[in-house]
Amino acid sequence: MTEADGETRRVLGLLSQPDTLRVLSALVLTGRAADAGLPPARTDRALRRLARGGLAEPSGDGWRPIPGRFAELLRTTAAPAAPADPAERVLRHFLVEGRLREIPARREKRLVVLRHIVTLFEPGVRYPEKDVNVVLRAFHHDFAALRRYLIDECLLSRAGDLYWRSGGPVEV
């Protein structure tokens with residue numbers, strides 16, 4: 001275990017103690033440890049613990065929280081982010097809370113989004129048009145355009161009012 005891990009565990013341990021958490025909350029919300037509603041001896045003990053953990057410090061005639069301690073711990077323990085897969089970046093950009101912000105204009109980006117959407121259709125299953133529309137409407141209000149793009153890119157096929165998945169990635 002690294003020193004940063006030990007510091008993080010110490011801070012989390014402090015926050016898991018009800019008295020310490022109440023006193024820190026009172027400091028953050030009102031600026032007064034006494035507002036935690038604890039007896040003075042318990043409040044003083046909690047303040048000493050918070051000071052040892054770097055979460056509070058004496059200030060004038062009272063105490064003040066040190067919220068920057070959390071950012072400091074995060075910087076020392078956070079692993080560098082792995083470079084995002086280009087497809088992942090496109091999906092993160094265009095999908096917000098599971099809905100498309102817009103249908104990508106560039107074909108390469110649109111294909112990434114369409115390949116993601118088509119995975120909701122089970123290979124080998126025939127779907128009536130209204131079921132396809134329900135799935136696509138969950139992504140974007142212009143579900144007809146999405147349906148057209150899926151067919152144009154050979155990700156869905158159509159015969160009459162029945163659609164089936166004819167392309168895209170398959171989980172194995």
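We now turn to the structure provided with this report. Model, not experiment: these values are computed from the prediction.

1. Side note on helix α5 (residues 86–94)
Inference 1: All of the buried residues in α5 are Val90, Leu91 and Phe94. On an axial view of α5, the arc spanned by its buried residues comes to 95°, and they lie on one face.

2. Thoughts on the packing of helix α2 (residues 18–30) against helix α3 (residues 40–52)
Inference 1: The geometry of α2 relative to α3 is characterised by a closest axis approach of 9 Å and an angle of 80° between their N-to-C directions. When the interaxial angle is binned, α2 and α3 end up roughly perpendicular. Side by side, α2 and α3 meet where Asp19, Thr20, Val23, Leu24 and Leu27 of the first sit next to Arg42, Thr43, Ala46, Leu47, Arg49 and Leu50 of the second.
Inference 2: A breakdown of the residues in the contact of α2 with α3 according to their chemical character gives six nonpolar, two polar and three charged.

3. Quick notes on the packing of aromatic side chains
Inference 1: Tallied over the full model, the rule gives one aromatic pair.
Inference 2: Both rings, one in Phe121 and one in Tyr127, keep their centres 5.2 Å apart while their planes meet at 75°; by these two values the pair is edge-to-face. The two residues Phe121 and Tyr127 agree in class, both being buried.
Inference 3: The ring of Tyr149 is capped by Arg110, whose NZ or CZ atom sits 4.3 Å from the centre of that ring.

4. Considerations on the sheet that holds strand β7 (residues 162–165)
Inference 1: Read across the sheet, three strands follow the order β5-β7-β6 without closing on themselves; strand pairing throughout is antiparallel. Two strands bound the open sheet, and with one partner strand each, they are β5 (126–128) and β6 (156–159). Taking the axes of each pair of neighbouring strands and ignoring which way they run, one obtains an average angle of 35° across the sheet.
Inference 2: In this sheet, β7 lies alongside β5 in antiparallel orientation, the contact comprising three bridges. Its bridge partner being in β7, Tyr127 is matched across the sheet by Tyr163.

5. Focus on the packing of helix α7 (residues 129–137) against helix α8 (residues 143–152)
Inference 1: Following both chains from N to C, one finds α7 and α8 inclined at 110°, their axes separated by 9 Å at the closest point. Judged by the inter-axis angle, α7 sits roughly perpendicular to α8. Together, Glu129, Val132, Asn133, Leu136 and Arg137 of α7 and Phe143, Leu146, Arg147 and Leu150 of α8 make up the contact between the two elements.
Inference 2: When grouped by side-chain class, the residues that make up the contact of α7 with α8 number five nonpolar, one polar and three charged.

Thresholds applied
- Residues numbered from 1 in each chain as written.
- Predicted model: local features only at pLDDT ≥ 70, side-chain atom pairs only at ≥ 80, totals over all residues.
- Heavy atoms only, no water.
- Buried < 20%, exposed > 50% of the residue type's maximum accessible area, 1.4 Å probe, protein only.
- Helix = DSSP H or I, 4+ residues; strand = E, 2+ residues; numbered from the N terminus.
- Arc of directions from axis to C-beta.
- Axes fitted to C-alpha atoms, helices over the stretch in contact; angles between N-to-C directions.
- Parallel < 35°, antiparallel > 145°, perpendicular 65-115°, else oblique.
- Contact = heavy atoms within 4.5 Å.
- Nonpolar A, V, L, I, M, F, W, Y, C, P; charged D, E, K, R; others polar.
- Phe/Tyr/Trp six-rings, centres within 6.5 Å; stacked < 30°, edge-to-face > 60°.
- Lys NZ or Arg CZ within 6 Å of the ring centre and 35° of its normal.
- Pairing = 2+ DSSP bridges.

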